[in-house]
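# Topology and contacts: notes
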Amino acid sequence: TEDAAVPPAQKSSWTSFVKQVASFSGDLSSLTAPPFILSPVSLTEFPAYWGERPELFSSISDGVDEEDRSVRVLKWFIATLKGQYTSRNEKMGSEKKPLNPVLGELFFGEWPETSTRGKTSLTVEQVSHHPPVTAYRMYNAKAGVELVGFSGQKTSFSSGSIIVKQTGHAVLTIHGLPEGKEQYLITLPRLRIDGIWYGSPYIELSDSSFIQCDNGWFSSIEYKGKGYFSGKPHTFKATLLPPENHPQPSEHTHIMEGTWHETSTYSKTSGFQPELIGTPYFTDVRGPKEEISVKPESEQGEWESRRLWKKVADGIKNGDYDVASREKTKIENSQRQMRKDEIAAGTRWELKYFEKIPEDELYERLAAMYDGQPPTEEMYIYKGPDALKD
Ligand code: CLR
């Protein structure tokens, strides 16, 4: 039958979940879903997708000039999309509902140093629970490459699909260049979650996202699924343009296209040597990626995601859904109690690694360069150890 992916005993709860989703817009994370669609992984782990091709990230600063670095930022960005948007399907058979992080939840990990790269470390903190917002910072000191961003979602339902507008953005900074630092504003694509009725959800990307560098180089990435450019799923076309005052703009316009989960090529790149980045493909992500290294739960602090959710995650993995739901309720109750206690004491939960800033001058300046959207309501900056102030 059509909904073959739904276990017979969970059909009615899936139907009622889908009905709730359809008549609702806002924060999906709070809806109760049937067990077969639950993932044992918290959303605080998702920023790790940015780092799973560590060489592409750290070698951004090897670019010989602004143009080369802009190409490298775009290449790294495109190469993260497969992990970000198709890896749950590959690992668990379909998109699943991640654990909804608690306020203050933390996630740390790293991609260790090797002969070809320095160490890249990741710090993640859940900075808001209602609505859920996750802030992250990924840093490679040797390369001088840093990514700071935050991520939220606004969801709605349209002709059978869940539409997810991502709120938040990321800023990539290259430190220590002879000319100082270089900063890139990275916006995020829109998601469509299809396959809902069948109980086997998967993501397709749509619309466009942008990468604006403070020196004027600008990428726009257009996403299409089945039946648009080529009939293939997961298709994109990126255009990288030089700054407006560039003497030879048409010679330095780059166009790259292909599929973000397999390969993409340069369809036009004049005035620039693609050999500089060493492959006939622009991106090729068919090979393995490198997952983040995380300390064992026994060595983690009590706010660290895998330790905090251990019993719930084990319940989900072992099919022990009563245990999972009992343990989840415990966590939620203790969170409710903490919020009540804070109100009673007139205090507020203090973030550990990030700080909310009222307005974001950098975002406004870079978004204005390409006529971007008005700034989102909030922005977070990294204030943890080795926060950089240059
Ligand atoms: C989080 C930020 C990452 C990219 C990313 C990938 C998958 C998205 C996730 C983000 C947010 C939460 C999300 C998820 C897919 C499904 C899940 C939208 C944007 C929702 C909450 C669960 C829906 C329930 C189902 C019917 C699957 O960089």
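So, here is what we can say about the structure in this document. (Residues numbered from 1 in each chain as written. Predicted model: local features only at pLDDT ≥ 70, side-chain atom pairs only at ≥ 80, totals over all residues. Heavy atoms only, no water.)

## Description of the overall build of the protein
A tally of helices and strands in the protein yields 7 helices and 19 strands. Here the C-alpha atoms of the protein give a radius of gyration of 21 Å, agreeing with the 21 Å that 2.2 N^0.38 yields for 390 residues. In terms of principal-axis extent, the alpha carbons of the protein reach across some 65 × 55 × 40 Å. Intrachain contacts of the protein at a sequence separation of at least 6 include 58% that bridge at least 24 residues. (Helix = DSSP H or I, 4+ residues; strand = E, 2+ residues; numbered from the N terminus. Rg over C-alpha atoms; globule rule 2.2 N^0.38 Å. Contact = heavy atoms within 4.5 Å.)

## Details of empty space enclosed by the protein
Taken as a whole and assessed by the stated rule, the structure comprises 3 cavities of 30 Å³ or more. Its boundaries defined by the atoms lining it, the largest cavity holds a volume of some 800 Å³. In terms of lining, the largest cavity is formed by 38 residues, of which the most central are Leu 43, Phe 46, Pro 98, Gln 153 and Leu 191. For the lining of the largest cavity, the secondary structure elements donating two or more residues are helix H1 (11–22), helix H3 (66–92), strand S2 (97–99), strand S5 (133–140), strand S6 (145–158), strand S7 (161–167) and strand S10 (190–194). In terms of residue count, H1 provides more of the lining of the largest cavity than any other element does, 4 residues in total. Residue composition of the lining of the largest cavity, grouped by class: 24 nonpolar, 9 polar and 5 charged. (1 Å grid on protein atoms, 1.4 Å probe; cavity = no way out; pocket = protein on both sides within 12 Å on 5 of 7 lines; lining within 4 Å. Points joined across faces, edges and corners; volume = space filled by probe spheres on them. Nonpolar A, V, L, I, M, F, W, Y, C, P; charged D, E, K, R; others polar.)

## A short note on the layout of surface pockets
Reported here for the largest pocket is a volume of approximately 740 Å³. Listed by contribution, the elements that provide at least two residues to the lining of the largest pocket are S2, helix H5 (310–318) and helix H6 (321–345). Grouping the amino acids of the lining of the largest pocket by side-chain chemistry returns 14 nonpolar, 9 polar and 5 charged. Of the volumes computed, that of the second largest pocket is approximately 490 Å³. Broken down by class, the residue content of the lining of the second largest pocket amounts to 10 nonpolar, 3 polar and 9 charged.

## Remarks on H1
The end-to-end C-alpha distance of H1, which contains 12 residues, comes to 16 Å, matching closely the 16 Å that a straight helix rising 1.5 Å per residue would cover. Along H1, the residues classified as buried are Trp 14, Phe 17, Val 18 and Val 21. Along the axis of H1, the buried residues cluster in a sector spanning 100 degrees; they form a single face. What points out from H1, more than 90 degrees from its buried face, is the exposed set Ser 12 and Lys 19. If you follow the buried residues of H1, they end up packed against S6 and S7. (Expected span 1.5 Å × (residues − 1). Buried < 20%, exposed > 50% of the residue type's maximum accessible area, 1.4 Å probe, protein only. Arc of directions from axis to C-beta.)

## Regarding H3
Over its 27 residues, H3 extends 40 Å from the first C-alpha to the last, a length consistent with the 39 Å expected when each residue adds 1.5 Å. Within H3, the axis deviates most sharply at Thr 86, by approximately 60 degrees. Most of H3 sits inside the fold, with 22 of its 27 residues counted as buried. Among the residues trailing H3, Gly 93 stands out with phi positive, at a value near 90 degrees. (Bend = angle between axes of the 7 residues up to and from the residue.)

## Examining the site of the ligand
As a matter of local geometry, the ligand sits amid 18 residues, with Gln 84, Arg 88, Ser 151, Gln 153 and Gln 166 nearest to it. Taken by itself the ligand offers 610 Å² of open surface, and the protein chains cover 96% of this. Here the ligand is seated within the largest cavity. With 3 residues, H3 is the single largest residue contributor to the shell around the ligand. Within the shell around the ligand, the residues separate by chemical class into 11 nonpolar, 4 polar and 3 charged. (Near = heavy atom within 4 Å. Areas by Shrake-Rupley, 256 points an atom, 1.4 Å probe, with all protein chains shown as cover. Sits in = over half its atoms within 2 Å of the grid points.)

Geometry only, nothing functional implied.
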